[in-house]
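Close look at the chain arrangement
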Amino acid sequence: MAENIRDIKKQVAEDWQNAFPQLTVHAQNKCYKIVGPIITGLELVKLPKSEDYRPHFVCYPLWKQNLKACLDTPIILKEFYNKKGLQFSIPYVKHTAFFSDVLSAVKKQMPIPLEGDVSLKSLFSAIDEHSKTPPLSAAPNSYLQAVLQESKLEIALCTGNDDQVQSVLSQIQKRNWDEAHFAMWKVDVSQWLKRLQEKVNSREKLVSQVKFNKQEKKLEKLHQSELKA
């Protein structure tokens, strides 16, 4: 049975990859592509104490110090929902029976296209929508919200769109951030704002790190699309 489940899981990943041809199976339950300075795609998360899985949309940065750090924490982790508004829980052994309906829902709820190039505007919209979902929505000026805004700034810097960089930076600087919540994460708001300005001033360092990480052997098979500014 264990061997059979392994074969089924492999087939499940292949079915999802075939549904989105520009994705590549990166690991058995992960199908990715590169879009500009991010890695994006689908992760098929196995649910605990069961042989069920749940598809998630993911988006990771490519500007951290190494690939491991990049794939440590997603910018966006989005779940998908059925017609009743419930999260999918798909038994591996019944995957084929459910796949068509689940795929249809996933395509409708996908925050950015997984085929072709992606606009900066649509990616920013996806991040903004993510910021409005629970539990993030409960604290709109929290440090976790600040991290999302910092990601938008880093993405804008990588695209070289100076107008967007200044727009995002200005929005961050005007926000009334929750200093107490920052302190819980051992971060000082004023020092954080200062570091952001330093990133803007040393944009090439960020761009170079993205180029370096894209050369990782583990990523060489991934399809690459452009992020259009």
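Residues numbered from 1 in each chain as written. Predicted model: local features only at pLDDT ≥ 70, side-chain atom pairs only at ≥ 80, totals over all residues. Heavy atoms only, no water.

Nonpolar side chains collect at one region of the surface, where L144, M184 and W185 lie side by side and expose about 340 Å² of accessible area between them. Within the element layout of this structure, M184 appears in helix α7 (residues 179-184). (Patch = residues over 30% accessible without salt bridge, like charges linked within 9 Å, V, L, I, M, F, W, Y side chains within 5 Å. Areas by Shrake-Rupley, 256 points an atom, 1.4 Å probe, with all protein chains shown as cover. Salt bridge = Lys/Arg side-chain N within 4 Å of Asp/Glu carboxyl O. Helix = DSSP H or I, 4+ residues; strand = E, 2+ residues; numbered from the N terminus.)

With that settled, the discussion passes to the nonpolar core. Soluble globular proteins: nonpolar side chains tend toward being buried together. One finds W16, F20, L42, L153 and I155 to be the most contacted residues of the largest nonpolar core, which totals 70 residues. A total of eight residues in this core trace back to one element, the largest contributor, which is helix α5 (residues 143-159). When neighbours within four sequence positions are excluded, F20 is seen to be in contact with L42, L103, V106, K107, M110, L114 and E115. (Core = buried A, V, L, I, M, F, W, Y, C linked by side-chain atoms within 4.5 Å. Buried < 20%, exposed > 50% of the residue type's maximum accessible area, 1.4 Å probe, protein only. Contact = heavy atoms within 4.5 Å.)

Here the distance between the centres and the angle between the planes together describe a pair of aromatic rings. One pass over the structure, following the stated rule, counts eight aromatic pairs. Here the aromatic rings of Y32 and Y60 are separated by 6.1 Å at their centres, their planes lie at 70°, and the arrangement is edge-to-face. Residue Y32 is found in strand β2 (residues 30-35), and its partner Y60 is found in strand β4 (residues 52-61); the two are separated by 28 residues along the sequence. Considering the side-chain rings of W177 and W192, the 5.6 Å spacing of their centres and the 85° angle between planes classify their relative orientation as edge-to-face. (Phe/Tyr/Trp six-rings, centres within 6.5 Å; stacked < 30°, edge-to-face > 60°.)

Let us look at the environment of G36. One can find G36 in the loop between β2 and β3 (38-46). Linking G36 and T159, residues 123 residues apart in sequence, is a C-alpha distance of 7.7 Å. If we skip the residues at most four places from it in the chain, G36 touches L62, K214, S225, E226 and L227.

Before going further, it helps to spend a moment on the pairing of β4. Within β4, nine of the 10 residues are buried, which leaves it mostly tucked inside the rest of the structure. Relative to β4, β3 runs antiparallel, the two sharing nine bridges. Directly across from K46, in β4, lies its bridge partner Y53. Here β3 folds back onto β4, and the loop between the two strands holds five residues, one of which, K49, carries a positive phi near 55°. One ladder, built from two bridges, connects β4 with strand β6 (residues 90-91); its direction is antiparallel. The partner of D52 across the bridge, within β6, is P91. Note: β4 against strand β5 (residues 76-79), four bridges, orientation antiparallel. Looking at β5, one finds that F57 is bridged to K78. (Pairing = 2+ DSSP bridges.)

Another point: the pairing of β2. In summary, the side chains of a regular strand alternate between the two faces of the sheet. With respect to burial, β2 is a largely interior element, five of its six residues being buried. Where strand β1 (residues 24-27) meets β2, three bridges bridge the pair, whose relative direction is antiparallel. Following the sheet pairing, A27 is matched in β2 by K30. Where β2 and β3 come together, six bridges link them in antiparallel fashion. For I34, the partnering residue across the bridge sits in β3 and is I39. Taken together, the two bridges between β2 and strand β8 (residues 224-225) define a ladder with parallel strand orientation. Across the sheet, residue V35 finds its bridge partner in β8, namely S225.

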